[in-house]
Amino acid sequence: PLTQPLADMAVTSVGIDVYHIGGETETGVTNLVKRFDTSTRTWHDMTAKPTAVSAASAAVLFGEIYVPGGRTTTGEPTNVVEAYSPANNAWRPIANLPKPISDGLALSDGSYLYMVGGWDGTQYLDDVYLYDASSDSWRPLTTLPQPLAAATGDVISGKLYIVGGTDESHTALDSCFVYAVEEDSWHDCPTMLRPRKDAGAAIILNKLYVLGGDEPAGSDLPFGEFYDPSTETWHVVNTPMQETAVAWSNLGVTNVETKIYAWGGNMGEVLSDGNYIYSPLVYQTFIPAASGGATDAQP
């Protein structure tokens, strides 16, 4: 399991290691950074993030983990962007976002970093920004078809897929939008099977897996789903850890090779320390990620 119950953290993977950064603990927003070694299934303490945030996401660009924006310990969105080097176990500041943003979605296509949607403390955003590491600068792109925050998604074949989230209606969305980078244009894709906000997503073999999420009206989401862009169809992913039909939101989701890791989050009203692996190509089910030893201070 995680070293403590945690939700609303930034999660990503580098090589065979997965990282969770910041998030909400039982005592508030944290700046702690943990690395999970998937080969030994052990947790390790890494250098803490200089700015504690929750409601942030992470993306990898040129071997570094970027965490743009988020919600600080005061509850306000921030425009601070910090990058972590796994090789050096060190953080550095980069150019600030054009405005404070929490609940936005950070994605990378391997060449650039993108920041999509979010909340600026006053309104939901349709803003889309591109970060160019060569000039350490952000620039605006074509805006989303609608303002939204707490969405999830990933990159498939150079296209950005943005699904779910919430908007001024304060209800979960089932929307699906795809951004064609070369055209700088947005297009609709088929809606999800269920509306979801604060879900997590990962890519396995060009399929977008979306797990968890919350529907503010109170309906539960006892299953995940995946999108196959080749057939433009959504399919159910069973999540047996939700047998009691509780909603699972604000979780962390990432992939290592052909496995998906799903961590923490809010299981109904309970803050979770759960750590699950989904192997769609082998087991077709979730299994607990059993502990392999105690947490170390360094890798």
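1. Examining the overall build of the protein chain
- Helix and strand content of the protein chain: 0 helices and 29 strands.
- Over its C-alpha atoms the protein chain spans a radius of gyration of 17 Å, differing by no more than 12% from the 19 Å that the globule rule assigns to 299 residues.
- Each of the three principal axes of the protein chain carries a C-alpha extent, and together these read 45 × 40 × 35 Å.
- Relative to its full complement of 299 residues, the protein chain shows a buried share of 56%.
- Here the protein chain has roughly 11,800 Å² of accessible surface; of this, 48% comes from carbon and sulfur atoms.
- Measuring between centres, the 14 positive side-chain charges of the protein chain sit 4 Å from its 36 negative side-chain charges.

2. Considerations on the layout of surface pockets
- Here the largest pocket defines a volume of roughly 730 Å³.
- Lining of the largest pocket is provided by 37 residues; of these, V11, A58, A106, A201 and V253 occupy positions nearest its centre.
- Of all elements in the fold, only strand 1 (10–14), strand 7 (59–61), strand 11 (105–108), strand 15 (152–156), strand 19 (200–204) and strand 24 (252–256) reach the threshold of two or more residues within the lining of the largest pocket.
- In the lining of the largest pocket, the residues fall into 20 nonpolar, 13 polar and 4 charged.

3. Quick look at the packing of aromatic side chains
- Applying the stated criterion to the full structure yields 16 aromatic pairs.
- Among the aromatic residues, those joined into a cluster by ring pairs are F36, W43, Y261 and W263.
- Its guanidinium or amino end placed over the ring of W91, K49 lies 5.9 Å from that ring's centre, counting from NZ or CZ.
- Between R196 and the ring centre of F223, over which it is positioned, the NZ or CZ distance is 5.4 Å.

4. Notes on the sheet that holds strand 18 (residues 185–188)
- Strand order in the open sheet formed by 4 strands is 15-16-17-18, with antiparallel pairing between adjacent strands. Looking at strand neighbours, the two that pair on one side only are strand 15 and strand 18, the edges of this open sheet. Each adjacent strand pair in this sheet contributes to an overall mean axis angle of 25°, direction not counted.
- In terms of strand pairing, strand 17 (residues 176–180) meets strand 18 through 4 bridges, oriented antiparallel. Note on strand 18: the bridge partner recorded for Y179 is W186.

5. Observations regarding the sheet that holds strand 27 (residues 270–271)
- Pairing within the open sheet is antiparallel, and its 3 strands lie in the order 23-26-27. Here the strands that pair on one side only, and so sit at the sheet edges, are strand 23 (248–249) and strand 27.
- Summarising the sheet, strand 23 and strand 26 (residues 266–267) pair through 2 bridges and their orientation is antiparallel. Across the sheet, residue W248 finds its bridge partner in strand 26, namely M267.

Calculation criteria
Residues numbered from 1 in each chain as written. Predicted model: local features only at pLDDT ≥ 70, side-chain atom pairs only at ≥ 80, totals over all residues. Heavy atoms only, no water. Helix = DSSP H or I, 4+ residues; strand = E, 2+ residues; numbered from the N terminus. Rg over C-alpha atoms; globule rule 2.2 N^0.38 Å. Buried < 20%, exposed > 50% of the residue type's maximum accessible area, 1.4 Å probe, protein only. Areas by Shrake-Rupley, 256 points an atom, 1.4 Å probe, with all protein chains shown as cover. Lys, Arg positive; Asp, Glu negative; His and termini not counted. Charge placed at Lys NZ, Arg CZ, Asp CG, Glu CD. 1 Å grid on protein atoms, 1.4 Å probe; cavity = no way out; pocket = protein on both sides within 12 Å on 5 of 7 lines; lining within 4 Å. Points joined across faces, edges and corners; volume = space filled by probe spheres on them. Nonpolar A, V, L, I, M, F, W, Y, C, P; charged D, E, K, R; others polar. Phe/Tyr/Trp six-rings, centres within 6.5 Å; stacked < 30°, edge-to-face > 60°. Lys NZ or Arg CZ within 6 Å of the ring centre and 35° of its normal. Pairing = 2+ DSSP bridges. Axes fitted to C-alpha atoms, helices over the stretch in contact; angles between N-to-C directions.

By themselves, these figures tell us nothing about what the structure is for.
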